[in-house]
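Chain residues, written in single-letter form:
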Amino acid sequence: MMKLIPLLLIACQSRMINWYSQPYIKSLECDGKSLFAELPKKYEPSDIAYDTVKQLLYVVSDNGHLAKMTVKGELIETYKVKGKPDLEAIALLQAKPGILYLGVEYPTQIIEYDIEAAETIRTITLDELVDENSRIPADHQGLESMTFLENRNGKTYLLVGRQMDARVFVYETSKSDVLDLKYLGQFQAPGSGRDLSSLTLWKDRLWFVYDKSKLITYMDIKILDTSIQTINTTSLVDYTSLFTPINTLSMRIRGIEGLTFTKDHVFVAIDPPRIAPKDLLVYDHSTFFSCFASPSFVL
């Protein structure tokens, strides 16, 4: 049985952001600029990632759709991944330019995709994400998010988020050309405890996005650097109870599926359930945090 290990942290080392708590400031263009018209028809933005080397954006959608865009939000090219997988996450490795890692909700897999050749290199199955003891069916447990942590203590890690219970699964990657993954263990992400929809790394902070609760949390990556050295497959590192809601944001939008930061902008992928409108929004940093953060929020 997996043990629960609370990790004692100082409140100032972390932030919890409640999206409901701040007023909506119309005067600051808080609606953002929509880039949805740039995407193909019936696109459902499920996640977004930024290539810091080539300065490109990649947006995934259901049924194996993938879009490449400029940092200005202009569509460059679209791709169709073979097999029409239900793509819910995307991550990039700076050490492997031209390769995208696409997360499939179910079966829980990662597709290694060569963007130049527009073809799948191989598929990696992540059996650890399926909890056979859960009352929730395996096809609804959900691989929804992932990101790489490169060159941390001389190693590179892949973090994969499970939607149903906001657990993050940690894998160590190999240094070879082929992406081999070694499962290390898991931790409970800070936040509402379910519906984890996106993970991203920015300014040495790991950001967690929650869909239904419209909540964002972030933690200093140095905290994870320390605990990752002792993480194991029989214990669960728990961050939830130690994060105080010091700062708040409130977008009041259901269906936040992706979040990424570039040098000057914040991009938000919106894919709410049923017939609610989809969107891809962009803000400059100042507007984003002025609109949705409390006055005490500090980057």
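For clarity, every value in this text was computed on a predicted model and none was experimentally measured.

Looking at this structure, I do not really get unusual backbone geometry. What am I missing?
Phi is mostly negative for residues that are not glycine, and the peptide bonds are mostly trans. Going from Tyr 106 to Pro 107, the amide bond is cis rather than trans, its omega being -5°. When you line up the elements, Pro 107 lands in the loop between strand E9 (99-104) and strand E10 (109-114). The phi torsion at Gln 55 lies on the positive side, around 55°, for a residue other than glycine. Turning to its location among the elements, Gln 55 is positioned in the loop between strand E4 (47-51) and strand E5 (56-60).

Please clarify how the side chain of Asp 51 should be interpreted in this entry.
Relative to the helices and strands, Asp 51 is located in strand E4. Here Val 53 takes part through its backbone nitrogen, which lies 3.0 Å from a polar atom of the side chain of Asp 51. Of the polar contacts made by the side chain of Asp 51, one reaches the backbone nitrogen of Lys 54; its length is 3.1 Å. Residue contacts for Asp 51: discarding those within four places in its chain leaves Leu 56, Tyr 58 and Leu 92.

What is the right way to look at the state of the cysteines in this model?
Working definition of a disulfide: a covalent bond connecting the sulfur atoms of two cysteines. Within the structure shown, the criterion is met by one disulfide. Sulfur-sulfur distance for the disulfide between Cys 30 and Cys 291 comes to 2.0 Å. As the torsion about the S-S bond is roughly -90°, the Cys 30-Cys 291 disulfide counts as left-handed. Pair noted here: Cys 30 is in the loop between strand E2 (14-18) and strand E3 (33-34) and Cys 291 is in helix H2 (residues 285-292), with a separation of 261 residues, a long-range link. Here Cys 30 falls in the buried class, since its relative accessible area comes to 2%. Cys 291 sits in the buried class, given a relative accessible area of 1%.

So what exactly am I meant to see when it comes to the sheet that holds strand E22 (residues 279-284) here?
Paired through their backbone hydrogen bonds, the strands of a sheet run either parallel or antiparallel. Taken in spatial order, the four strands line up as E3-E22-E21-E20 in an open sheet, and their pairing is antiparallel. A single partner strand is all that each edge strand has here, and the edge strands are E3 and strand E20 (256-261). Two elements, E20 and strand E21 (residues 265-270), share five bridges in a ladder whose sense is antiparallel. If you follow Phe 261 over to E21, its bridge partner there is Val 266. The strands touched by H2 are E20, E21 and E22; relative to E22, the strand with the most contacts, the crossing angle is about 100°.

Looking at this structure, I do not really get the environment of Pro 40. What am I missing?
Within the fold, Pro 40 resides in the loop between E3 and E4. In this structure Pro 40 comes out as partly exposed when scored by relative accessible area, which is 29%. Considering only alpha carbons, one finds Pro 40 and Leu 66, 26 residues apart in sequence, at a separation of 9.9 Å. Other than its neighbours up to four places away in sequence, Pro 40 contacts Leu 75 and Thr 78.

It is not clear to me how the packing of aromatic side chains should be interpreted in this structure. Could you clarify?
The relation between two aromatic rings is expressed through the spacing of the ring centres and the mutual angle of the planes. A complete count under the given rule lists 13 aromatic pairs for this structure. Both rings, one in Tyr 101 and one in Phe 148, keep their centres 5.2 Å apart while their planes meet at 70°; by these two values the pair is edge-to-face. Here Tyr 101, found in strand E9, pairs with Phe 148, found in strand E12 (residues 143-152); they are 47 residues apart in sequence, far enough to count as distant. Note on Trp 202 and Trp 207: the rings are 5.9 Å apart at their centroids and 45° apart in plane angle, and the pair reads as tilted. Grouping residues by exposure puts Trp 202 and Trp 207 together as buried. Each member of the aromatic cluster is reached from another via a ring pair, and the members are Trp 202, Trp 207, Tyr 218, Phe 261, Tyr 283, Phe 288 and Phe 289.

Conventions and cut-offs
Throughout, a residue's number is its position along its own chain's written sequence, starting from 1. Restriction of local features to residues with pLDDT of at least 70 applies here, the model being predicted, together with a cutoff of 80 or more for giving and counting side-chain atom pairs; totals for whole chains, interfaces and linings are based on all residues. Excluded from the side-chain calculation are hydrogens and water; included are all heavy atoms of the structure. Secondary structure elements are taken from DSSP: a helix is a run of H or I of four residues or more, a strand is a run of E of two residues or more, and numbering for both begins at the N terminus. In the analysis that follows, any N or O atom pair within 3.5 Å is treated as a polar contact, provided that within protein one partner can donate a hydrogen and the other can accept it, and provided that, for residues neighboring in sequence, both atoms belong to side chains. Contacts are assigned to residue pairs with any non-hydrogen atoms lying within 4.5 Å of each other. Only a pair of cysteine sulfur atoms within 2.5 Å counts as a disulfide in this structure description. Exposure is judged per residue with a 1.4 Å probe applied to protein chains only, and the accessible area is read against the type maximum: over 50% gives exposed, under 20% gives buried, and values in between give partly exposed. Note on pairing: DSSP must find at least two bridges between two strands before they are called paired. For helices, the fitted axis covers only the stretch in contact; all axes are lines through C-alpha atoms, and the angles between them, taken along N-to-C directions, range from 0 to 180 degrees. Stacked, tilted and edge-to-face pairs are distinguished by plane angle, under 30 degrees for stacked and over 60 for edge-to-face with tilted covering the rest, among Phe, Tyr and Trp rings (Trp via its six-membered ring) whose centres lie within 6.5 Å.

Bear in mind that shape data such as this cannot, by itself, settle questions of function.
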